[in-house]
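For reference, the chains in residue letters:
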Amino acid sequence: MIIIYNMNFLEELENTFKTPMPKGRQLKERTIINIISKLRILWDHFKIDDEGLECLKDIDKVHEFLKSRYKNPNSRKTAISNITTILSPFCRDKWIVGFEETGLKYRALLTKYSEDIEANAINQTASKKDSDNWTSSYNLKKVVAILKNKIRQKGYNSLTGKRFKPIPADKLTKHKDLIRDYMVGMLYTSGHNQRNIYGDMEVVSNKEYDMLSTKDQQKNYLVIFNKNRKEFRIGAGKERWKYVRCGDGTMSKKVWQGVNVLPINKQLNIALNLYLNYHKDYPYLLTNSVGKPLGSDALGKLIKKIFSSTGKDIGSSLIRKILYSEQFANDSTIVEKIDASKAMGNTPNVAQKYYLKPEQVKNLNLNTADKYTYVATKKKEISTTDLFN
């Protein structure tokens, strides 16, 4: 059966989400696209060929479908949250007429998922998916070191970003992709793992940044002072806004928390110099084949491709957990945790709750591949930083 969507309804719903609400939600375009996509998935499953939302009233059937489609509880929670947004398009918990009871039931289900996920986080236990794909930080950095070695073999000097001879035109794309993969690998293993925000990050000089308005600073930038000094200026993202409850009980984005300034360390700066030497003509740090911003979804896929040689399904979130868990499996000072959390774009409390998985660090000894890596490292007396020298 071919589903013919009622575009008028979808367009009306999409326009409603885009309309600024003085005390309502403000959704990003990508979020709106994801919400509409979830509705279409439900329509396909229930073979709905009109604009009806009646299928959402059968909560048990919808929940069973979500459990079969999304194995990860966090993904199911997101889908349920999308449904509550569809049923309250104007403002949180202001339900569409006729869907008040349905909306409250989905809200209760969403609360239950949140409580279960929170309980699991407090126990600091990794999910089955994370546990199956867990590896050591050494193995992650070894992937990046191999990429760097390939770059050197092709005649590049990673310190200057220059090549000893011109790049053959027929190999330009492959070489640039290799350099990009190395830079992205360094980006996520050198302590600057800010989720997938780099997918639409802009590149500016420090003078250009100083001329930006406050509104324009509410984006993410790589700010270049000179060859040896660069900073990330993080102005966008959920952690950059403070949410408060209004007098009428609705949620509203009220206060921008300013820019999170992250100095770039020497190792990543070297990788960026090399990459930017062949990426001069683009206003964005990462671009697709037509020069547009790569985007967070495509960046997520790229990260998984880069680390696929580990034999694991590794994304930016799991990398955060691995690095944070190894760094803070034992007692550390609050200052160290604050610095590490700031680099990840959250608070020590959030990092402690959601990213610290000490048992996984202990269990590395039970994994043959990881155990071999650690033994080899000990015999050769190689530290992870030696991989980049």
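Keep in mind it's a predicted model, so treat the numbers as computed, not measured. In this convention, every chain numbers its residues from 1, walking through the sequence in written order. With the structure being a predicted model, the display of local features is reserved for residues of pLDDT at least 70 and the display and counting of side-chain atom pairs for 80 or more, all residues being used for whole-chain, interface and lining totals. Hydrogens and water molecules were not included; the side-chain quantities draw on all heavy atoms of the structure.

A short note on the packing of helix α2 (residues 29-46) against helix α3 (residues 59-69)
Each axis is a line fitted through C-alpha atoms, and for a helix only the stretch in contact is used; angles between axes span 0 to 180 degrees, taken between their N-to-C directions. Think of it this way: any DSSP run of H or I at least four residues long counts as a helix, any run of E at least two long counts as a strand, and we number them from the N terminus. Running from N to C, α2 and α3 cross one another at 105 degrees; their axes reach a closest spacing of 12 Å. Taken together, the axes of α2 and α3 lie roughly perpendicular to each other. In this structure, α2 uses Ile41, Leu42, His45 and Phe46 to contact α3, whose residues at the interface are Lys61, Val62, Phe65 and Arg69. Angles are sorted into four bins: roughly parallel if under 35 degrees, roughly antiparallel if over 145, roughly perpendicular if 65 to 115, and oblique for all others. The contact criterion used throughout is that any non-hydrogen atoms of two residues lie within 4.5 Å.

Some details on α2
Any helix carries an expected span of 1.5 Å times its number of residues minus one. Its 18 residues give α2 an end-to-end C-alpha distance of 26 Å, which sits within 8% of 26 Å, the value for a rise of 1.5 Å per residue. Residue exposure (1.4 Å probe, protein chains only): buried if accessible area is under 20% of the type maximum, exposed if over 50%, otherwise partly exposed. Among the residues of α2, Ile32, Ile35, Ile36, Lys38, Leu39, Ile41, Leu42 and Trp43 are the ones counted as buried.

Examining the environment of Thr287
By the secondary structure assignment, Thr287 is in the loop between α10 (266-277) and α11 (296-306). Exposure remark for Thr287: the relative accessible area of 14% places this residue in the buried category. Ignoring anything within four residues of it in the chain, the contact list for Thr287 reads His279, Tyr282, Lys292, Pro293 and Leu294.

Here we look at the confidence of the model for the protein
For every residue, the predictor reports its confidence as pLDDT, a number between 0 and 100. Here the protein averages 76 in pLDDT, while 70% of its residues score no lower than 70. When the elements of the protein are averaged for pLDDT, helix α16 (residues 368-380) gives the smallest value, 37, and strand β3 (residues 202-205) the largest, 96. A low-confidence stretch, residues 1-6 stays under pLDDT 50, and its non-local contacts, those more than four residues away or across chains, total 14 contacts. Every residue in residues 365-389 is under pLDDT 50, and counting partners more than four places away or in other chains gives 33 contacts.

Looking at the packing of aromatic side chains
To pair, rings of Phe, Tyr and Trp, with the six-membered ring standing in for Trp, must have centres within 6.5 Å; the planes then decide the type, stacked if under 30 degrees apart, edge-to-face if over 60, and tilted in the middle. Under the counting rule described, the total for this entry stands at three aromatic pairs. When the centroid spacing of 5.5 Å and the interplanar angle of 80 degrees are considered together, the rings of Tyr209 and Tyr221 count as edge-to-face. You can see Tyr209 sitting in helix α9 (residues 206-210) and its partner Tyr221 sitting in strand β4 (residues 220-224), a full 12 residues away along the chain. With relative accessibility at 4%, the residue Tyr209 sits in the buried group. These aromatic residues form a ring-pair network of at least three members: Tyr188, Tyr198 and Phe232. Counted as over-ring charges are cases with an Arg CZ or a Lys NZ within 6 Å of the ring centre that also lie within 35 degrees of the ring normal. If you follow Lys57 out to its NZ or CZ, it ends over the ring of Phe99, 4.7 Å from the centre. Of note, Arg229 hangs over the ring of Phe225, and the distance from its end group to the ring centre comes to 3.6 Å.

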